[in-house]
Amino acid sequence: MRKRILSLLYQEKDFVSGEALSKKLGISRVGVWKHIQVLRKEGYVIEASNKGYRLISAPDLLLPEELVELDKKVYYFKEVSSTMDVARKLAQKGEEAIVTAETQTKGKGRWGRYWHSSRGGIYFSLILRPTISPSQAHLVNLLAGLSVAITIRKLFNINATLKWPNDVLINEKKVCGILAEMEAEADIVKFIILGIGINVNNDVSDYIKIVTSLKEELGKKISKKKLFLQLIKEIEKMQPYLANPQPIINKWKRFSSTLGRYVRIIIQNKILEGEAIDIDNDGALILKTRDENLKRVVAGDCIHLR
Ligand code: BTN
């Protein structure tokens with residue numbers, strides 16, 4: 001109902017009388033007023049006068065009411081443990097949805113690390129059901145990183161680059177982290193939960209040497225909604241290529257800040273070092289070690305050494 005009230009207020013741009021709203025929505029005027037109160041609590045500024053209601057401004061939150069152009073169901077949380085856990089439960093019930101949160105109390109990073117999720121950032125998990133085999137699932141990381149980098153370049157003209165496998169960097173500092181969790185059966189992926197965390201307007205001053213935010217880079221606050229909508233568009237555009245990923249790999253290579261560098265890869269308790277020379281069709285990193293051997297690395301933590 002609130003979505004419908006908002007869409008009427010958005011359409012009109014001027015006052016809409018309580019009577020007109022109540023007629024169009026088939027609810028009482030008191031009912032309309034109650035919904036208006038809830039919207040105000042969510043952060044909408046709605047003027048009320050004897051002419052009716054007028055929308056003055058909307059909060060920059062990833063609320064379902066603000067994301068009506070998406071054809072996926074959106075779940076929004078002011079605070080949640082992790083959007084990954086909520087999305088997994090929804091996926092197990094067969095849903096194809098996006099779970100967004102303003103903050104997370106147990107934000108999950110890669111390798112069991114904690115993902116700091118303070119207010120002002122974008123934190124969401126997307127349920128994907130690509131028809132690919134589990135061995136190709138790793139490509140989702142590349143697809144997601146690339147989509148974020150393309151979005152940042154398009155909207156803000158900032159040279160976002162990619163660190164293998166899935167960090168998005170600006171001037172070598174991390175602006176976005178990606179976590180993909182999969183549930184598979186024999187040879188087929190059942191679903192993938194793609195979690196993306198972007199430092200947008202949140203404060204990163206405690207980690208400023210290695211982490212940045214878009215606000216920090218641009219010197220001003222930016223619209224999370226605009227960024228999120230463009231990002232979902234880029235992900236959807238690229239998704240059909242997962243089964244035949246050459247275009248994703250080619251573009252990823254052009255955006256890469258890892259290729260050509262000397263890197264250290266940490267795989268659980270094993271360490272590999274060498275020159276990152278290529279990415280293969282499954283998104284694995286090809287390393288040339290000091291003794292000139294080629295090593296194929298599917299997953300790991302990557303540090304740029306020089
Ligand atoms: C990393 O770089 O370590 C990955 C970080 C992934 C963070 C995102 S924020 C949204 C989603 N929910 C989580 O708990 N984690 C991912």
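Chains are numbered independently. Their residues run from 1 in the order of the written sequence. Given that the model is predicted, a residue must reach a pLDDT of at least 70 before its local features are reported, and side-chain atom pairs must reach 80 or more before they are shown or counted; all residues, however, enter totals for whole chains, interfaces and linings. Only hydrogens and water are removed before side-chain values are computed, so all heavy atoms of the structure are retained for them.

1. Things to note about the pairing of strand β7 (residues 167–170)
The condition is simple: Three labels apply to residues, based on accessible area from a 1.4 Å probe with only protein chains included: buried if under 20% of the type maximum, exposed if over 50%, partly exposed otherwise in between. Segments assigned H or I by DSSP are reported as helices when at least four residues long, segments assigned E as strands when at least two residues long, and all are numbered from the N terminus. Think of it this way: DSSP has to see at least two bridges between two strands before they count as a pair.
Here β7 shows no split at all, with Asp167 and Leu169 on one side and Val168 and Ile170 on the other all buried. Judged from the four bridges that link them, strand β6 (residues 160–163) and β7 form a sheet pairing that is antiparallel. The residue of β7 that forms the bridge with Thr161 is Leu169. Linking β6 back to β7 in an antiparallel pair, the connection comprises three residues. Remark: two residues form the turn of the hairpin made by β7 and strand β8 (residues 173–185), two consecutive strands paired antiparallel; Asn171 in that turn has positive phi of roughly 50 degrees.

2. Overview of the sheet that holds strand β4 (residues 97–104)
Backbone-to-backbone hydrogen bonds join strands into a sheet, with any given pair of strands oriented parallel or antiparallel. What counts is decided by this rule: Axis definition: a line fitted to C-alpha atoms, limited for helices to the stretch in contact. Angles are taken between N-to-C directions and run from 0 to 180 degrees.
The sheet built from seven strands is open, its strands ordered β3-β4-β5-β9-β8-β7-β6 with mixed pairing. If you trace the sheet from one side to the other, it starts and ends with β3 (73–80) and β6, each paired once. On average, each strand axis in the sheet is inclined to that of its neighbour by 20 degrees, with strand direction left out of account.

3. What to know about the site of the ligand
Applied cut-off: By convention in this text, a residue qualifies as near a molecule or strand provided that one of its non-hydrogen atoms is within 4 Å of it. Distance and chemistry together define a polar contact, namely a pair of N or O atoms within 3.5 Å, with one atom able to donate a hydrogen and the other to accept it when in protein, and with adjacent residues in sequence counting only for side-chain atoms on both sides. Note on areas: these come from Shrake-Rupley sampling with a 1.4 Å probe, and a residue is covered only by the protein chains present in the view. Classification used: nonpolar for Ala, Val, Leu, Ile, Met, Phe, Trp, Tyr, Cys and Pro, charged for Asp, Glu, Lys and Arg, polar for all others including Gly.
Neighbouring the ligand are 20 residues; Ser82, Gln104, Lys108, Arg110 and Lys174 lie closest to it. In the environment of the ligand, an oxygen atom lies 2.6 Å from a nitrogen or oxygen atom belonging to the backbone of Lys108. In the model, an oxygen atom of the ligand is placed 2.6 Å from a nitrogen or oxygen of the Lys174 side chain. Taking 420 Å² as the accessible area of the ligand by itself, protein coverage stands at 99%. No other element matches β8, which puts four residues into the shell around the ligand. Residue classes in the shell around the ligand are distributed as seven nonpolar, nine polar and four charged.

4. A look at the nonpolar core
Worth spelling out the cut-off: We define a nonpolar core as any set of buried Ala, Val, Leu, Ile, Met, Phe, Trp, Tyr and Cys residues linked to one another through side-chain atoms lying within 4.5 Å. It only takes one pair of heavy atoms within 4.5 Å for two residues to be counted as in contact.
In terms of nonpolar packing, the biggest core is built from 60 residues, with Ile152, Ile196 and Leu214 touching the most fellow members. The greatest single-element share of this core, amounting to eleven residues, is contributed by helix α5 (residues 139–156). Excluding its chain neighbours within four sequence positions, the residues that come into contact with Leu214 are Ile152, Phe156, Ile158, Ile170, Val175, Ile198, Asn199, Val200, Gly219, Lys220, Ile222 and Leu227. With 16 residues, the next largest nonpolar core counts Leu6, Leu8, Leu25 and Leu55 among its residues.

5. Describing the layout of surface pockets
Let me state the cut-off plainly: Cavity and pocket criteria rest on a 1 Å grid covering protein atoms alone: a 1.4 Å probe that fits but cannot get out defines a cavity, protein on both sides within 12 Å along at least 5 of 7 lines defines an open pocket, and an atom within 4 Å of a point defines a lining residue. Grid points are joined across faces, edges and corners, and a volume is the space filled by probe spheres set on the points.
Counted as a void, the largest pocket has a volume near 900 Å³. The wall of the largest pocket is formed by 38 residues, among which Trp115, Asp167, Lys174, Gly177 and Val211 lie closest to the centre. Contributions of two or more residues to the lining of the largest pocket are made by α4 (83–92), β5 (122–128), β7, β8, β9 (188–198) and β14 (301–304). Considering only enclosed or pocket space, the second largest pocket measures out at about 280 Å³ in volume. Lining the second largest pocket we find 15 residues, and of these Arg110, His138, Asn141, Ala180 and Ala299 sit closest to its centre. Per-element tally for the lining of the second largest pocket: the top contributor is β8, with five residues.

6. Remarks on the packing of aromatic side chains
Aromatic rings in a pair are described by how distant their centres are and how their planes are angled relative to each other. Condition: Pairing of aromatic rings covers Phe, Tyr and the six-membered ring of Trp, with a centre-to-centre limit of 6.5 Å; geometry is then stacked below 30 degrees between planes, edge-to-face above 60, and tilted otherwise. Working rule: Lys NZ or Arg CZ, within 6 Å of ring centre, within 35 degrees of ring normal, means a charge sits over the ring.
Under the criterion given, the structure shown has one aromatic pair. Taking 4.9 Å as the distance between ring centres and 90 degrees as the angle between the ring planes, the aromatic pair formed by Phe124 and Phe228 counts as edge-to-face. Residue Phe124 is located in strand β5, and its partner Phe228 is located in helix α7 (residues 224–238); the two are separated by 104 residues in the primary sequence. Taking relative accessible area as the criterion, Phe228 reaches 1% and is therefore assigned buried. Here the guanidinium or amino end of Arg153 rests over the ring plane of Phe255, the centre of that ring lying 3.8 Å away. Just above the ring of Tyr262 sits the side chain of Arg306; from NZ or CZ to the centre is 4.4 Å.

7. What about the state of the cysteines?
Going by this rule: Cysteine sulfurs are considered disulfide-paired once they come within 2.5 Å of each other.
Taken as a whole and judged by the stated rule, the model has zero disulfides. Of the cysteine sulfurs around Cys302, a residue in no disulfide, the closest is that of Cys176, at 16 Å.

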